[in-house]
Amino acid sequence: MTIQPKNTQAVISRSDNLPPVTIFWFRRDLRLEDNTGLGKALAAGHPVVPIFIFDPNILDGLPRDDARVTFIFDTLQTLKSQLRQPHGSNLALYHGQPAAVFEQLVHSYSIAAVYANHDYEPYARQRDAQIRTLLGRHRIKFLSFKDHVLFETSEIVKPDNQPYVVYTPYMRRWKTVWREKKSCAETTSPNWGNLLKHIDLPSLSLADIGFKRSAIRVPAARTGHAWLHDYRDTRDFPACEGTSRLGPHLRFGTVGIRKIFHESEQAGAEAFCNELIWREFFSQILWHFPHTPESCFKPRFEHIAWRNDESEFKYWCQGMTGYPLVDAGMRQLNQTGFMHNRVRMVTASFLCKHLLIDWRWGEAYFAEKLLDYEMASNVGNWQWVAGCGVDAAPYFRIFNPMTQADKFDRDKRYIGAWIKDLNAPSYPQPIVEHAWARKRCLDAYRRALGAS
Ligand SMILES: Cc1cc2nc3c(=O)[nH]c(=O)nc-3n(C[C@H](O)[C@H](O)[C@H](O)COP(=O)(O)OP(=O)(O)OC[C@H]3O[C@@H](n4cnc5c(N)ncnc54)[C@H](O)[C@@H]3O)c2cc1C
């Protein structure tokens, strides 16, 4: 069916007798295939108008050449062409406060319902509650579905219905429920014929939303199964291309978790599946404990007297600490938006423990730079490293950046790739002595924990 929207810029009443449409709101699910909310919207019967909103509440704090915004923009262009050909449809792009955009939409279309997939981050929950109320005032339903994870919120809980705060029992329970249900996979194929046949929908350029193209590109996720078999043996060695690089794709939904988990399970890649379950673990932690982006999960760690030396923080950010593995990691992050997991642990530990800088400073820096930044995983892992989170490493476990380099980058292939001036006078001396910094850290932590 072809429906002409009313003038999308003008605010006019929805009293016209337009046939009803369903809106599908893309957020962190930027794909057509196996997209739960989109499938449900297409099954609802009315023509579906797909939309995406560039939200200033998210965009305003980002650098103007943010690589993730470029990735989202490019992915939306791909979605637009997939919707045009072969479906004869399109994707409407808006830039503005979501509430204002929806006020405009309810006056432009006769909306039967708005469909989306759940977003679990604290801001998204508050935004969705606001949109639900706004639509409710117009007697329009807002329907949202699980798509970003296999098990969400309180689906995996302890027998007393309390959330798991330790990974291993969570993972065991997760696998038991998965074996029992296996119900997460989508079985029906979407009714593409129900997409709105209308290609003239609002569009935007990167410049229209105040951004420019980033020089950093999101690499494609690794495909095929061969690497999965070696994952357990290679994943800890940063010089090997041993991990999936799926992070940004899971974050923005360009790859669906159902497909990935199913394929990995079929390939018998248990170590890899366990990492995907870490992601689900931290997702449910953020859901149950939404204060953790700001506060330590274990409150007694708030007593730590962080030094927060700004010039040392700058050295850490720039990869100029004089510890080659730390500096290689930070330079990789700055240049590519990626850092290998082993090196994330070492750099994060160095910041919190060797420099006694608040984990929240490091979390914020990673949040700005990581292509795969995911609030639940970033906060969860930073608190894990600092010792103040759920299932955290004991605080007295302090990574030694030199022995970590000897163990995981023995031939210095990784370090050499990122530090070209390793043996030149320009490369700095260590900004802090390891054994001394270790003792200073232990003293600070002991004082803090003794004080609580
Ligand atoms: C300090 C610190 C901060 C981190 N911040 C983030 C973040 O913002 N976003 C993020 O996705 N991961 C984060 N991680 C976890 C991990 O480092 C990345 O998921 C991984 O390096 C991404 O590369 P990959 O996709 O090749 O991973 P693979 O090893 O191929 O893993 C596949 C997927 O499993 C998930 N995963 C793997 N390890 C973890 C983990 N420890 N916690 C949660 N999920 C995991 C991710 O979705 C990842 O893409 C952080 C780790 C540390 C130590």
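What you are looking at is a predicted structure, and each value in this text was computed from that prediction instead of being measured.

## What about the UniProt feature "site: Electron transfer via tryptophanyl radical" (unreviewed entry) in the protein chain?
Line of reasoning, step 1. In this structure's numbering, the residues bearing the UniProt feature "site: Electron transfer via tryptophanyl radical" (unreviewed entry) are Trp-306, Trp-359 and Trp-382. Set against the largest pocket, the annotated residues that line it come down to Trp-382.
Line of reasoning, step 2. Of note, Trp-306 is situated in the loop between α10 (270–288) and α11 (310–318).
Line of reasoning, step 3. On the accessibility criterion, Trp-306 (14% relative accessible area) is buried.
Line of reasoning, step 4. Other than its neighbours up to four places away in sequence, Trp-306 contacts Cys-352, Leu-356, Ile-357, Asp-358, Trp-359, Arg-360 and Tyr-445.
Line of reasoning, step 5. Inspection of the secondary structure puts Trp-382 in helix α15 (residues 375–386).
Line of reasoning, step 6. By relative accessible area, which is 2% here, Trp-382 ends up buried.
Line of reasoning, step 7. What Trp-382 contacts, discounting residues up to four positions off in sequence, is Trp-316, Ala-348, Leu-351, Cys-352, Trp-359, Gly-362, Glu-363 and Phe-366.

## Overview of the nonpolar core
Line of reasoning, step 1. Among the nonpolar cores identified, the biggest contains 88 residues, and Trp-174, Phe-272, Trp-316, Trp-359 and Tyr-445 are the most heavily contacted of them.
Line of reasoning, step 2. Looking at this core element by element, the count peaks at eight residues for α10.
Line of reasoning, step 3. Residue contributions to this core reach at least three from each of two domains, namely domain 2 (149–187 + 223–288) and domain 3 (299–451).
Line of reasoning, step 4. Beyond its immediate chain neighbours, meaning those up to four positions away, Trp-316 contacts Thr-321, Val-326, Met-330, Thr-347, Phe-350, Leu-351, Leu-355, Gly-362, Tyr-365, Phe-366 and Trp-382.

## A closer look at the domain arrangement of the protein chain
Line of reasoning, step 1. By the assigned domains, the protein chain splits into domain 1 (1–146), domain 2 (149–187 + 223–288) and domain 3 (299–451).
Line of reasoning, step 2. For domain 2 versus domain 3, the separation of C-alpha centres amounts to 26 Å.
Line of reasoning, step 3. Each partner contributes residues to the interface: domain 2 has 23 residues there, and domain 3 has 21 residues.
Line of reasoning, step 4. Around 1900 Å² of area is buried between domain 2 and domain 3 when both sides are counted, 62% of it from carbon and sulfur atoms.
Line of reasoning, step 5. Taken as a group, Pro-238, Arg-251 and Phe-282 account for 33% of the area that domain 2 buries against domain 3, more than any other trio of residues on that side.
Line of reasoning, step 6. Applying the counting rule to domain 2 against domain 3 returns two salt bridges.
Line of reasoning, step 7. Among the salt bridges present, the one from Glu-374 reaches Arg-251, with a minimum N-O distance of 3.4 Å.
Line of reasoning, step 8. Here domain 2 is connected to domain 3 by six residue pairs in polar contact (both at pLDDT 80 or more).

## Some thoughts on the UniProt feature "binding site: FAD" (unreviewed entry) in the protein chain
Line of reasoning, step 1. Taken from the UniProt record, the annotation "binding site: FAD" (unreviewed entry) applies to Tyr-231, Phe-272, Glu-275, Leu-276, Ile-277, Trp-278, Arg-279, Glu-280, Phe-281 and Phe-282. Lining the largest pocket, from the residues just named, are Tyr-231, Phe-272, Glu-275, Leu-276, Trp-278, Arg-279 and Phe-282.
Line of reasoning, step 2. Within the secondary structure, Trp-278 sits in helix α10.
Line of reasoning, step 3. Residues within four places of Trp-278 in sequence aside, it is in contact with Tyr-167 and Asp-391.
Line of reasoning, step 4. Here Arg-279 lies in helix α10.
Line of reasoning, step 5. Take Arg-279: its relative accessible area is 10%, and that puts it in the buried class.

## Some points on the packing of α11 against helix α14 (residues 359–369)
Each pair of packed helices gets described by two things: the angle between the helix axes and the distance between those axes.
Line of reasoning, step 1. Close contact between α11 and α14 brings their axes to 12 Å; oriented N to C, the two are set at 35°. The hand of the α11/α14 crossing is right-handed. Here Glu-310, Phe-313, Trp-316 and Cys-317 of α11 lie close against α14, whose contacting residues are Trp-361, Gly-362, Tyr-365 and Phe-366.

## Some remarks on the site of the ligand
Line of reasoning, step 1. Surrounding the ligand, one finds 27 residues, the nearest of these being Tyr-231, Thr-243, Ser-244, Arg-245 and Asn-341.
Line of reasoning, step 2. A distance of 2.7 Å separates an oxygen atom of the ligand from a polar atom in the side chain of Thr-243.
Line of reasoning, step 3. The separation between a nitrogen atom of the ligand and a polar side-chain atom of Asn-381 is 3.1 Å.
Line of reasoning, step 4. The fraction of the free accessible surface of the ligand (810 Å²) that becomes covered by protein chains is 97%.
Line of reasoning, step 5. In this structure the site holding the ligand corresponds to the largest pocket.

## So, the packing of helix α9 (residues 257–266) against α10
Line of reasoning, step 1. At a closest axis distance of 9 Å, the pairing of α9 and α10 adopts a crossing angle of 150°. Comparing the axis directions of α9 and α10 gives the class roughly antiparallel. Taken as a pair, α9 and α10 cross one another with a handedness that is left-handed. Only Phe-272, Cys-273, Leu-276, Ile-277, Arg-279 and Glu-280 of α10 make contact with α9, whose side of the interface consists of Ile-257, Ile-260, Phe-261, Ser-264 and Glu-265.
Line of reasoning, step 2. When the residues that make up the contact of α9 with α10 are grouped by side-chain class, the tally is seven nonpolar, one polar and three charged.

## Looking at the packing of aromatic side chains
Line of reasoning, step 1. Taken as a whole, this structure holds 36 aromatic pairs when the rule is applied.
Line of reasoning, step 2. Consider the rings of Tyr-164 and Tyr-170, whose centres lie 6.1 Å apart with planes at 75°: the pair is edge-to-face.
Line of reasoning, step 3. On the accessibility criterion, Tyr-164 (9% relative accessible area) is buried.
Line of reasoning, step 4. With centroids separated by 6.1 Å and ring planes inclined at 10°, the aromatic side chains of Trp-316 and Phe-366 adopt a geometry described as stacked. Placement of Trp-316 in helix α11 and of Phe-366 in helix α14 is noted, with a sequence separation of 50 residues between them. We note that Trp-316, like Phe-366, is buried.
Line of reasoning, step 5. Put simply, the rings of Tyr-164, Tyr-167, Tyr-170, Trp-278, Phe-281 and Phe-282 pair up and form one aromatic cluster.

## A word on the sheet that holds strand β5 (residues 141–145)
Line of reasoning, step 1. One open sheet holds the five strands; their spatial order is β3-β2-β1-β4-β5, and the pairing between them is parallel. Each having just a single partner strand, β3 (92–95) and β5 make up the two edges of the open sheet. Across the sheet, the mean angle separating the axes of adjacent strands is 25° when strand polarity is ignored.
Line of reasoning, step 2. Two elements, strand β1 (residues 21–26) and strand β2 (residues 48–54), share five bridges in a ladder whose sense is parallel. Bridge pairing in β2 places Phe-26 opposite Phe-52.
Line of reasoning, step 3. Contacts between helix α3 (residues 67–84) and the sheet are confined to β1, β2 and β3, with β2 contributing the most and set at about 170° to the helix.

The rules behind these values
- Residues numbered from 1 in each chain as written.
- Predicted model: local features only at pLDDT ≥ 70, side-chain atom pairs only at ≥ 80, totals over all residues.
- Heavy atoms only, no water.
- UniProt positions renumbered as here; feature names shortened; annotations may be inferred.
- 1 Å grid on protein atoms, 1.4 Å probe; cavity = no way out; pocket = protein on both sides within 12 Å on 5 of 7 lines; lining within 4 Å.
- Helix = DSSP H or I, 4+ residues; strand = E, 2+ residues; numbered from the N terminus.
- Buried < 20%, exposed > 50% of the residue type's maximum accessible area, 1.4 Å probe, protein only.
- Contact = heavy atoms within 4.5 Å.
- Core = buried A, V, L, I, M, F, W, Y, C linked by side-chain atoms within 4.5 Å.
- Domains from an automatic or database assignment.
- Buried area = accessible area lost by both parts, 1.4 Å probe.
- Salt bridge = Lys/Arg side-chain N within 4 Å of Asp/Glu carboxyl O.
- Polar contact = N/O pair within 3.5 Å; in protein donor to acceptor, adjacent residues only side chain to side chain.
- Axes fitted to C-alpha atoms, helices over the stretch in contact; angles between N-to-C directions.
- Left-handed = near helix turned anticlockwise from the far one by under 90°.
- Near = heavy atom within 4 Å.
- Areas by Shrake-Rupley, 256 points an atom, 1.4 Å probe, with all protein chains shown as cover.
- Sits in = over half its atoms within 2 Å of the grid points.
- Parallel < 35°, antiparallel > 145°, perpendicular 65-115°, else oblique.
- Nonpolar A, V, L, I, M, F, W, Y, C, P; charged D, E, K, R; others polar.
- Phe/Tyr/Trp six-rings, centres within 6.5 Å; stacked < 30°, edge-to-face > 60°.
- Pairing = 2+ DSSP bridges.

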